[in-house]
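Structure at a glance
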Amino acid sequence: MSSTGRTERLALDGVLTVEEVRATVAGILAAQRSDGAIPWFRGHHLDPWDHTEAAMALDAAGEHEAAERAYLWLARHQNADGSWHAAYADRPDGVDTAEPQDGGRESNFVAYVAVGVWHHYLATGDDRFLERMWPVVHAAVEFVLGLQQPGGEIGWKREADGTPVTDALLTGSSSIHQALRCALAIAEHREDPQPDWELAAGALGHAIRRHPERFLDKDRYSMDWYYPVLGGAVTGAQAQERIDGRWDEFVVPGLGVRCVLPNPWVTGGESCELALTLWAMGESDRALEILRSITHLRADNGMYWTGYVFDDRAVWPVEQTTWTAGSLLLAVAALGGDEATTAVFGGQELPAGLEPDCCNGG
């Protein structure tokens, strides 16, 4: 399907017209550098996770060449240990260098390349690309699993000097759970089994479902509320109970989803991710309601403001980020049935990790 045809499929009543989709895609493309990197916005830094999310949105819109350039940027600038730094300075067009602004290497940032690479392959069927990126994905996963703790959770990061931070974040580990399943899908497609990854994914999923005490307490943040579901570790009745249980705390009718309690601040990224979560649960109507509630964040140029402080009736921060626009396009793509997007976020076709043998429900 042409990029024009895919763009038209992203139109969604009450959320985006065809013309608005084109403007949003154009906004992300305008922020992408000639070397393929996608910063938050020009002049700001980029990080590997949000860079990948924006690339996935470009694939959903049919901009496959631009998305591939984003992934090849990651391949060129991967560290020898399989990681990327947490943040890189923006560079002028024509300068293909990666200057770290934050020397730390965050595990969920590193893992997410597997989600993006599998999404790109499903969108394009490009075996050459998948073979080119397999060593990148393999090295990234090995770096991340080097931070897995005995209880299954994944340590947050390595400091710039290599010191591991063993504290685990529920949101980050949930994102890694999705990434491991995508990495396993790539390995399965290549007929290159990775049994250690299966065991790691199983132990991680078990920790997320059964052992909240193994993660830092961040339950004020909406991401810790919905990410165990979005990452595929929590499903079925447990997912429904989790989302329904705190709905009224985080969802502000007509405005979107709070980022953190008790702040009167809704954010586009969290709202779109909750919409993706709801779609994955089979609740497309509630997902659509959430997406319609954040149309007030749309700027005249087709991009989206990061957030809105509703007590002050003020946009804050005053920035339009590629990843906010990207998260919206991915949520719309899922609701519209885009096959690559539904595959990586629906999870039904992704390999599951091997649940560890446990005693007494431990």
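Shown above is the structure to which this text applies.
Residues numbered from 1 in each chain as written. Predicted model: local features only at pLDDT ≥ 70, side-chain atom pairs only at ≥ 80, totals over all residues. Heavy atoms only, no water.

1. Looking at the sheet that holds strand β10 (residues 314-315)
Sheets are built from strands that pair by backbone hydrogen bonding, the pairs being arranged parallel or antiparallel. In plain terms, the rule: Strands are treated as partners if at least two bridges between them are detected by DSSP. Segments assigned H or I by DSSP are reported as helices when at least four residues long, segments assigned E as strands when at least two residues long, and all are numbered from the N terminus.
Taken in spatial order, the five strands line up as β6-β7-β8-β9-β10 in an open sheet, and their pairing is antiparallel. In this open sheet, the two strands that pair with only one neighbour each are β6 (251-252) and β10. The sheet contact formed by strand β7 (residues 256-258) and strand β8 (residues 265-267) spans two bridges and is antiparallel. Across the sheet, the residue bridging to valine 257 is threonine 267, located in β8.

2. Side note on the sheet that holds strand β3 (residues 105-106)
Pairing is antiparallel across the open sheet formed by three strands, whose spatial order is β3-β4-β5. What marks the edges here is a single partner per strand, and that holds for β3 and β5 (164-168). Pairing of strand β4 (residues 155-158) with β5 involves three bridges; the strand directions are antiparallel. Directly across from arginine 158, in β5, lies its bridge partner proline 164.

3. So, the packing of aromatic side chains
We count it as follows: Under the pairing criterion, centres of Phe, Tyr and Trp rings, with the six-membered ring standing for Trp, must be within 6.5 Å; the plane angle then separates stacked pairs below 30 degrees from edge-to-face pairs above 60, leaving the rest tilted. Note on exposure labels: buried denotes an accessible area under 20% of the residue type's maximum, exposed denotes more than 50%, and partly exposed covers the range between, all computed with a 1.4 Å probe on protein chains only.
Counted according to the given criterion, the structure contains eleven aromatic pairs. Consider the rings of tryptophan 73 and tyrosine 88, whose centres lie 5.5 Å apart with planes at 90°: the pair is edge-to-face. Linking tryptophan 73 in helix α4 (residues 64-77) with tyrosine 88 in strand β1 (residues 87-88), this pair joins segments that are 15 residues apart in sequence. Taken as a pair, tryptophan 73 and tyrosine 88 share a single burial class, namely buried. On the numbers, 5.1 Å between centres and 20° between planes, the contact of tryptophan 225 with phenylalanine 250 is stacked. With tryptophan 225 in helix α10 (residues 222-230) and phenylalanine 250 in helix α11 (residues 236-250), the pair connects residues that are 25 residues apart, well separated along the chain. Take phenylalanine 250: its relative accessible area is 0%, and that puts it in the buried class. Among the aromatic residues, those joined into a ring-pair cluster are Trp225, Tyr226, Tyr227, Trp247 and Phe250.

4. Considering the pattern of salt bridges
Definition in use: By convention in these notes, a salt bridge is any Lys or Arg side-chain nitrogen within 4 Å of a carboxyl oxygen on Asp or Glu.
Within this structure, the stated rule accounts for 18 salt bridges. The salt bridge involving lysine 157 is made with glutamate 159; its shortest N-O contact spans 3.6 Å. The buried category is assigned to lysine 157, whose relative accessible area is 13%. If you follow the salt bridges from partner to partner, you end up with Arg33, Asp35, Arg42, Asp90 and Asp93 in one network.

5. Topic: helix α14 (residues 322-335)
Heads up, the rule is: Each residue after the first adds 1.5 Å to the expected span of a helix.
The first and last C-alpha atoms of α14 sit 20 Å apart over 14 residues, in line with the 20 Å expected at 1.5 Å per residue. Counting buried positions over the 14 residues of α14 gives 13, a clear majority of the element. At the C-terminal side of α14, glycine 337 shows a positive phi close to 85°.

6. What about the packing of helix α8 (residues 170-189) against α10?
Definition in use: Here the axes come from fitting lines to C-alpha atoms, over the contacting stretch only for helices, and the angles between their N-to-C directions go from 0 to 180 degrees. Comment on the angle field: the value is read as roughly parallel under 35 degrees, roughly antiparallel over 145, roughly perpendicular from 65 to 115, and oblique elsewhere. Should the near helix be turned counterclockwise from the far one by less than a right angle, the crossing is left-handed, whereas a clockwise turn marks it as right-handed. When checking whether two residues touch, look at their non-hydrogen atoms; a contact exists if any pair is within 4.5 Å. Only Asp, Glu, Lys and Arg are considered charged in this grouping, and only Ala, Val, Leu, Ile, Met, Phe, Trp, Tyr, Cys and Pro are considered nonpolar; every other residue, Gly among them, is considered polar.
Between α8 and α10, the shortest axis-to-axis distance is 8 Å and the interhelical angle comes to 20°. As the angle between them shows, α8 and α10 are arranged roughly parallel. Here the hand of the crossing between α8 and α10 comes out left-handed. Contacts from Leu170, Thr171, Ser174 and Ser175 of α8 reach α10 at Met223, Asp224, Tyr227 and Pro228. Here the contact of α8 with α10 is built from residues that sort into four nonpolar, three polar and one charged.

7. Focus on the pairing of β4
Sheet topology note: the β3/β4 ladder contains two bridges and is antiparallel. By the bridge assignment, arginine 105 is partnered in β4 with arginine 158. Taking the residues that link successive antiparallel strands as the turn, the β4-β5 hairpin has five residues, and the phi of glycine 162 there is positive, at about 95°.

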